[in-house]
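Listed below, chain by chain, are the residues.
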Amino acid sequence: MKCPCCFTEVESVATCKSCKAAECSEWKRAVNTNLETAPFDTKHLKGRAASPGLAVGPPVWAFGFGLSSWHDLVGTIKDGDILIASMTTPDIIPAMPKIAGIVTLEGGITSHASLIAREFGIPAVVGIGTEFRYNSDMGLANIVTVDGNAGEVILEKRDEGA
C-alpha cells in the first residue's frame, strides 16, 4: 500500500516514517473519507492475534479521547463490552475486569493493549489499521466478535431483537 501523504510504499499508513502519516491531515482526511460506505451486515477485519480467546459483545468506541478523557470512558464501560480504540493507555486498567475483548488499530504483540490483555486473560486483536473505516464501521456495528487466536475481528449489524 502507498501512504496517502508521501506515496511511500508502506505496510500501513500508521507506520509511514517519511511523513509521520498518523499525524498528517491528508491521512486523517483519507481515513474519514469512507472508501467503503455501503451498509453491511457482517464485516471481517484481520489484525495480529495478541491474546488468545474468543469474545462477543457490544462495542465501546474509544476514539477522540485525550489522555484525560479515558477516565470518563472507564465509567461508561459495562460488563461484556468490547473495547475498540486506536491504542490503550494505563488509564483504562480500572475497566479491564469488565472488558470482554480488545481491538486496536495500532500496535503489535508487545504493545500496551497486548500485554494488558494477556495479563487479564482478555482476548485481543491489535493492528487492524486501515481495514477499519471510522465513520461507516462505527455507525453500523452493534456486535463485535474478537478472535484472539486467529487475529480476526467480526463487526456485525444485528436487529435489536436478535
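Summarised in this report is the structure supplied together with it. (Residues numbered from 1 in each chain as written. Predicted model: local features only at pLDDT ≥ 70, side-chain atom pairs only at ≥ 80, totals over all residues. Heavy atoms only, no water.)

1. So, the overall build of the protein
- Counting its secondary structure elements, the protein contains four helices and nine strands.
- Contacts spanning at least 24 positions in sequence make up 48% of the contacts within the protein whose residues lie at least 6 apart.
- Carbon and sulfur atoms make up 55% of the accessible area of the protein, which totals about 8,300 Å². (Helix = DSSP H or I, 4+ residues; strand = E, 2+ residues; numbered from the N terminus. Contact = heavy atoms within 4.5 Å. Areas by Shrake-Rupley, 256 points an atom, 1.4 Å probe, with all protein chains shown as cover.)

2. A few points about helix α3 (residues 112-120)
- Turning to α3, its buried residues are Ala113, Ser114, Ile116 and Ala117.
- Buried residues along α3 sit in contact with β2 (48-51), β6 (101-104) and β7 (124-126).
- Looking one or two residues past α3, glycine 121 carries a phi angle of roughly 70°, positive in sign. (Buried < 20%, exposed > 50% of the residue type's maximum accessible area, 1.4 Å probe, protein only.)

3. Considering the sheet that holds strand β5 (residues 82-85)
- Spatially, the five strands line up as an open sheet ordered β2-β7-β6-β5-β4, and their pairing is mixed. The sheet is open, and its two borders are formed by β2 and β4 (59-62), each paired with just one other strand. Pairs of neighbouring strands in the sheet enclose a mean axial angle of 20°, with direction left out of account.
- Inspection of the sheet shows β2 paired to β7 by three bridges, in the antiparallel sense. Among the inter-strand pairings, arginine 48 is bridged to a residue of β7, identified as valine 126. (Pairing = 2+ DSSP bridges. Axes fitted to C-alpha atoms, helices over the stretch in contact; angles between N-to-C directions.)

4. Some points on the pairing of strand β1 (residues 42-46)
- Taking every second residue as pointing to the same face, the buried face of β1 carries Lys43 and Leu45, while none of Thr42, His44 and Lys46 on the other face is buried.
- Both β1 and strand β9 (residues 152-156) contribute to a ladder of five bridges, which runs antiparallel. Considered in β9, the bridge of lysine 43 is made with leucine 155.

5. A look at the nonpolar core
- Core analysis: the largest hydrophobic core is formed by 19 residues, its most contacted members being Leu73, Ile77, Leu83, Ile92, Met96, Ile99 and Ile102.
- Elements that contribute at least two residues to this core include exactly β4, α2 (70-74), β5, α3 and β7.
- With three residues, the single largest contributor to this core is α3.
- In terms of nonpolar packing, the next biggest core, distinct from the first, is built from 14 residues, Leu45, Val125, Val144 and Leu155 among them. (Core = buried A, V, L, I, M, F, W, Y, C linked by side-chain atoms within 4.5 Å.)

6. A few points about the sheet that holds β9
- Read from one edge of the open sheet, four strands run β1-β9-β8-β3, paired in antiparallel fashion. Each edge of the sheet is formed by a strand with only one pairing partner; in this case those strands are β1 and β3 (54-57). Adjacent strand axes in the sheet meet at a mean angle of 15° when their direction is disregarded.

7. Overview of the side chain of serine 51
- For serine 51, the location among the structural elements is in strand β2.
- Within the structure, serine 51 has its side chain in polar contact with the backbone oxygen of isoleucine 122 (distance 2.8 Å).
- Residues within four places of serine 51 in sequence aside, it is in contact with Ala117, Arg118, Ile122, Pro123, Ala124 and Gly148. (Polar contact = N/O pair within 3.5 Å; in protein donor to acceptor, adjacent residues only side chain to side chain.)

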